[in-house]
Amino acid sequence: MRMVLALLMVLGLVVAPGAAVNAAPVAQAREHKVGYDKYSLTVDGERIMVWSGEFHYFRLPSPELWRDVLEKIRAAGFTGVSLYFHWGYHSPAPGVYDFSGVRDVERLLRMTEELGLYVIARPGPYINAETTGGGFPAWLKNVDGRARSSDPGYTAAYREWLGRINPILARHQVTRGGSVIAYNAENEYGANVDPLYMEQLQEKARADGIDVPIVHNNCCNGDLPNWSSGQGAVQIPGVDDYPQSFNCPDPGTWGTWGEGVTRRLRDDAPVYAAEYQAGAIDLNNAGYEKCRELTGPDYMKVYYKSNAIGSGATMFGYYMLYGGTSWGWLPQPNDVYTSYDYGAAITESRGLTTKYDEFKRQGYFMTTVAPLRKTDPAAAPKPSDPAVFTQARSNPDTRTQFVLVRHTDRRASSDLSTTVDWATPDGNYSVPVRVNGRDAKILVAGYDLGGQRLVWSNSEILTHVTVDGRDVAMLYGREGEQGSTVLRYSSAPDVRVLEGDVRSSFDGKDLRLDYTHSGLARGLVSGGGRPPMLLLLGTDETAARFWRMDTGAGPVLVRGTSVVRDAKMAGDKLVLRADTDAPGDVEVFAPARRLVVGGKHVETRRTPSGSLLGALPGPRAVTLPALSDWRYRAEPPAFGDTGWTVADRTTTASPIKPKTLPVLYSDDYGYHHGNVWYRGDFTAEGTEKTVSLNAITGKGGSYLVWLNGRYLGSALGGTQADSEAPVNRDPGRGDFPVPEGLLAKGKPARLSVLVTNMGHNDDWTADDTRFKQPRGLFGAVIGDAKVSWQIRGARDNDVERGPLNTGGLYGEREGWHLPGGHGRWERPPATTGPGVSWYRTDFRFDAPRDQDVSVALRFGERAGKYRVFVFVNGWNMGQYVNGGPQRDFVLPAGVLKTANSLSLAVVSTEPGPGAPVPVSLVQLGNHRTGGPLR
Ligand code: IPT
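Residues numbered from 1 in each chain as written. Predicted model: local features only at pLDDT ≥ 70, side-chain atom pairs only at ≥ 80, totals over all residues. Heavy atoms only, no water.

## Digging into the environment of Val 465
Turning to step 1, where the next piece is worked out: Within the secondary structure layout, Val 465 lies in strand β20 (residues 460–467).
Turning to step 2, where the next piece is worked out: A residue is classified by how much of its surface remains accessible, and Val 465, at 2% relative accessible area, is buried.
Turning to step 3, where the next piece is worked out: Sequence separation of Val 465 and Ala 590 is 125 residues, and the distance between their C-alpha atoms is 9.2 Å.
Turning to step 4, where the next piece is worked out: Dropping the residues within four chain positions of it, Val 465 is found in contact with Arg 470, Asp 471, Val 472, Arg 548, Pro 555, Val 556 and Leu 557. (Helix = DSSP H or I, 4+ residues; strand = E, 2+ residues; numbered from the N terminus. Buried < 20%, exposed > 50% of the residue type's maximum accessible area, 1.4 Å probe, protein only. Contact = heavy atoms within 4.5 Å.)

## Focus on the pattern of salt bridges
Turning to step 1, where the next piece is worked out: Going through the model one piece at a time under the given rule, you end up with 62 salt bridges.
Turning to step 2, where the next piece is worked out: The shortest N-O distance in the salt bridge between Asp 68 and Arg 565 comes to 2.7 Å. In this pair, Asp 68 sits in helix α2 (residues 63–75) while Arg 565 sits in strand β30 (residues 563–570), placing the two residues 497 residues apart along the sequence. Accessibility assignment for this pair places Asp 68 and Arg 565 in one class, buried.
Turning to step 3, where the next piece is worked out: Residue Arg 263 pairs with Asp 223 through a salt bridge whose shortest N-O separation is 2.6 Å. On the criterion of sequence distance, the pair formed by Arg 263 in the loop between β9 (236–241) and β10 (272–277) and Asp 223 in the loop between β8 (214–218) and β9 is long-range, its members being 40 residues apart.
Turning to step 4, where the next piece is worked out: The exposure class of Asp 223 is exposed, given its relative accessible area of 58%.
Turning to step 5, where the next piece is worked out: One continuous salt-bridge network, built from bridges that share partners, spans Arg 67, Asp 68, Glu 71, Lys 72, Glu 114, Arg 350, Arg 565, Arg 577, Asp 579 and Asp 852. (Salt bridge = Lys/Arg side-chain N within 4 Å of Asp/Glu carboxyl O.)

## Observations concerning the domain arrangement of the chain
Turning to step 1, where the next piece is worked out: What the domain assignment reports for the chain is domain 1 (3–352), domain 2 (377–616), domain 3 (644–792) and domain 4 (798–928).
Turning to step 2, where the next piece is worked out: If you average the C-alpha positions of domain 1 and of domain 2, the two centres end up 33 Å apart.
Turning to step 3, where the next piece is worked out: Domain 1 puts 24 residues into the contact, and the matching count from domain 2 is 26 residues.
Turning to step 4, where the next piece is worked out: Here domain 1 and domain 2 share an interface that buries about 2100 Å² over both sides, 52% of which is from carbon and sulfur atoms.
Turning to step 5, where the next piece is worked out: Sorting the residues of domain 1 by area buried against domain 2 places Lys 301, Lys 305 and Ile 309 first, and these three jointly supply 30% of that buried surface.
Turning to step 6, where the next piece is worked out: Linking domain 1 to domain 2 there are seven salt bridges.
Turning to step 7, where the next piece is worked out: Between Arg 565 and Glu 71 there is a salt bridge, with its nearest N and O atoms 3.0 Å apart. (Domains from an automatic or database assignment. Buried area = accessible area lost by both parts, 1.4 Å probe.)

## Describing the state of the cysteines
Turning to step 1, where the next piece is worked out: Counted according to the given criterion, the structure contains two disulfides.
Turning to step 2, where the next piece is worked out: Across the disulfide from Cys 219 sits Cys 220; the S-S distance is 1.9 Å. Classification of the bridge connecting Cys 219 and Cys 220 rests on its S-S torsion, roughly 50°, and on that basis the disulfide is right-handed.
Turning to step 3, where the next piece is worked out: Note on Cys 219: relative accessible area 8%, which makes it buried.
Turning to step 4, where the next piece is worked out: The class of Cys 220 is partly exposed, set by a relative accessible area of 35%.
Turning to step 5, where the next piece is worked out: Across the disulfide from Cys 248 sits Cys 291; the S-S distance is 2.2 Å. With the S-S bond torsion at 105°, the cross-link from Cys 248 to Cys 291 turns out right-handed. Residue Cys 248 is located in the loop between β9 and β10, and its partner Cys 291 is located in helix α7 (residues 288–294); the two are separated by 43 residues in the primary sequence.
Turning to step 6, where the next piece is worked out: Since its relative accessible area comes to 0%, Cys 248 is described here as buried. (Disulfide = S-S within 2.5 Å.)

## Here's the deal with the packing of helix α4 (residues 105–115) against helix α5 (residues 152–171)
Turning to step 1, where the next piece is worked out: Running from N to C, α4 and α5 cross one another at 20°; their axes reach a closest spacing of 10 Å. Judged on the interaxial angle alone, α5 and α4 are roughly parallel. Here the hand of the crossing between α4 and α5 comes out right-handed. On α5, the residues that touch Val 105, Glu 106 and Leu 109 of α4 are Ile 165, Ile 168, Leu 169 and Arg 171.
Turning to step 2, where the next piece is worked out: In terms of residue class, the contact of α4 with α5 is built from five nonpolar, no polar and two charged. (Axes fitted to C-alpha atoms, helices over the stretch in contact; angles between N-to-C directions. Parallel < 35°, antiparallel > 145°, perpendicular 65-115°, else oblique. Left-handed = near helix turned anticlockwise from the far one by under 90°. Nonpolar A, V, L, I, M, F, W, Y, C, P; charged D, E, K, R; others polar.)

## Brief notes about the side chain of Ser 245
Turning to step 1, where the next piece is worked out: The topology assignment puts Ser 245 in the loop between β9 and β10.
Turning to step 2, where the next piece is worked out: Residue Ser 245 is classed as buried on the basis of its relative accessible area of 4%.
Turning to step 3, where the next piece is worked out: In this structure the side chain of Ser 245 is engaged in a polar contact, spanning 3.2 Å, whose partner is the backbone nitrogen of Asn 247.
Turning to step 4, where the next piece is worked out: Apart from residues no more than four positions distant in its own chain, Ser 245 is found in contact with Thr 256, Trp 257, Gln 277, Ala 280 and Leu 294. (Polar contact = N/O pair within 3.5 Å; in protein donor to acceptor, adjacent residues only side chain to side chain.)

## Structural notes on the sheet that holds strand β41 (residues 702–707)
Turning to step 1, where the next piece is worked out: What the six strands build is an open sheet, ordered β38-β46-β39-β44-β41-β42; its pairing is antiparallel. Looking at the sheet topology across the chains shown, the edges are occupied by β38 (645–647) and β42 (710–716). Strand-to-strand twist of the sheet, defined as the mean angle between neighbouring strand axes without regard to direction, takes the value 25°.
Turning to step 2, where the next piece is worked out: Pairing analysis gives three bridges linking β38 to strand β46 (residues 788–792), with the strands arranged antiparallel. Its bridge partner lying in β46, Val 646 is registered against Gln 790. (Pairing = 2+ DSSP bridges.)

## Focus: the packing of aromatic side chains
Turning to step 1, where the next piece is worked out: This model, assessed by the stated rule, comprises 62 aromatic pairs.
Turning to step 2, where the next piece is worked out: When the centroid spacing of 6.2 Å and the interplanar angle of 20° are considered together, the rings of Trp 51 and Phe 78 count as stacked. Taken together, the residues Trp 51 in strand β4 (residues 50–55) and Phe 78 in the loop between α2 and β5 (80–84) connect sequence positions 27 residues apart.
Turning to step 3, where the next piece is worked out: Classification of Phe 78 as buried rests on a relative accessible area of 5%.
Turning to step 4, where the next piece is worked out: Judged by centre distance (6.0 Å) and plane angle (45°), the ring pair of Phe 55 and Tyr 322 falls under tilted. (Phe/Tyr/Trp six-rings, centres within 6.5 Å; stacked < 30°, edge-to-face > 60°.)

## Brief notes about the UniProt feature "domain: Beta-galactosidase" (unreviewed entry) in the chain
Turning to step 1, where the next piece is worked out: Here the UniProt-annotated "domain: Beta-galactosidase" (unreviewed entry) positions come out as residues 371–546.
Turning to step 2, where the next piece is worked out: The distance from the first to the last C-alpha atom of residues 371–546 is 23 Å, and the span holds 3% helix and 66% strand. (UniProt positions renumbered as here; feature names shortened; annotations may be inferred.)

## What about the sheet that holds strand β45 (residues 776–782)?
Turning to step 1, where the next piece is worked out: The sheet built from three strands is open, its strands ordered β43-β40-β45 with antiparallel pairing. Edge positions in the sheet fall to β43 (733–737) and β45, since each has one partner strand and no second. With strand direction ignored, the average angle separating the axes of adjacent strands in the sheet is 20°.
Turning to step 2, where the next piece is worked out: The pairing of strand β40 (residues 690–696) with β45 spans six bridges and is classified as antiparallel. Each residue of the ladder has a partner; that of Ala 695, found in β45, is Leu 777.

Below, the structure is given as structure tokens:
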């Protein structure tokens, strides 16, 4: 292997760590060189800050909206996105791969290229991600050889996948004019590791044309095998860190999983915060708002800033920026339900939160201030109060200093004011600082801010731009806090305060401005031997109202609007695509005389700040239709005589052997997702007392049992079994008494069982006894009866929506969930029995074309033990479990059209009313976009 690597290196296909990576051999105009050193990645020799976060295209089955999310990500100042690619999402069966429609990842990569976002590509093969099988296709459960190892069976399987995805990623590398700047091999590979496998993954990537640096996201702050040296080592080993844990019910408890400072793992590579916690899985059903609180703006301030200064990382991947929806059978059942909102900065319904605002404040700073891309630890100015903690880094070339200020005890929330003695590059100063509550600041000294010299400030820098030869800088602090900013001039500059209360003094070299952060203050500084500057001094809130956008004529600033998607200069016009959620001001700082927003000219006037100020309308109110006119159809147990597969196997590839034979695992018969029906035929003795079953469904699943058409009851499915007796060989046990007189000696009898498969276990520990846990019936005993079994699952004929959309309900096989009707539907009856009842209705959704209205289906209260599969225009948008944590099911535009069909498959384990479960359409957002989202 070493020889192969050496050979590839000679051929220029692999690069030695630290060396520049070669561009593709064919000369192309947009080819770039990617390299790195201990400080950062470089593109054509220029240092870059990869300030990125995670997005899962497979959790948004609407490519039109990928762009919406990516635009919002870019608008917050991110320079990149981190993207998992989900093997199982593309591959329903060995050798079968689909990259069309909602799976069109080239379209996704093209969008990142159009938007100028770098991509950290993470194709696994294993990705975890709380998705079924951790991203492995379910058919891999039938493949011999331990997954995530160099075993030949697994190797052949994953090479199929990499053989498809790698060339796509290779085509889109920065080195070939694309966006992919790094390639993540495997995922948190730290348990049961096989270094040969890690090495072979990378050889495969290189052989498939990957020439950007290979990275890895190591688990647990890099404490497990971390691929920084030895066989299988990657060029840039990164670290995953979730300091807050996933304890959403208790959002006030901080740092459960540690300090949260990313470790340096290699001296010759940049520090990479591969997955840094930006939300949480709702493990304890607290609801995602609690997860958002656990990882809210105060956590972000303290942890992200501590991490930036503590580690000097220049590559970041915040997990998640937008979580989305585990629609269909995407969820991994042990950790999540349908919603994967994640408490992220951008909600599942694509709304922006206060976390988004904090990302923007930090992101603009991280990506504006170039000296941050190369820093070493430095002596920190000493605070006079030991309850205040400081830490510093400085740029060895510019000598710019970055000082972190926070409570010594990160969890403390007292209000401390003190001073620090700061030896800045421009002299020694006593600088007042305040830490009020859970807060942290990164203060800057010795920085060439545009044409100005910032000596120091105890306000934080949001961003700055240069417009028509004038610097426009925005600094901010928490409402009510004192602020001071010192700038250097060769002679007294002229200071004109336009708004707010700002005092200034000049001592012959330093201009000192003192103020209280409140609203938005504005001052013009001119003369003093430097270009003029407009200084904007705001609060957290007013800073968050600003948007920075790059145009061909340089970056511009916009104040107002709920997002800015795009900005360009056309002659003297600034042309914006921007949303509003309410009427309000729009103010632009741009080399423009006119303003166009959403294709419409906006009346503006020139302000004393030199900006253009106008007003924009908000969205019109939209009314959603009531859902009525429901029709009904029953799905009788194990209905219909076609489509059944004889289940008579006596062996299985699963390391978990069944309790009874034949093997009844659904995967062994090619039914990998959703519900399966079983029927077991036997000749009765008449003496059978009990039907004893075991089923493994994954957490939260259940099964329902009928004998000769009579409902016997239901039981919860198990989550796992051990491979050998006596431990855990009785998962999901249900014993159902046989009603008197139901079976008669010598008469044919039929058992019907509906088993839900909640999704497949992940493989976090690289252990087949976890990943290859069966689904479906694990054991069945009916007295001494010899039962002939048949099984029926999904048809797998839905190319558009893919294999994870449907299971084996009869109605699914017959297309009752699809638009268009399909057969006879009736008025709902007065009552329904236990089992499967289907309901459907049609509705229209007429949102104005220039508005983005986000819609969800909301479940109201109704007692009973039931779950509901929600189909909108055939798309399985999730599973409602009565009494469960999720009531709102987001319906993304694209899935939602103007004319819609809604089908609900209700699986009830007890009799219930015939009327449909109470559901309604609700609005989760309404924005004027100025045109259709593209
Ligand atoms: C880490 C995984 O890499 C990622 O796929 C996802 O599962 C995430 O965490 C949690 O949402 S796993 C780590 C926290 C043990």
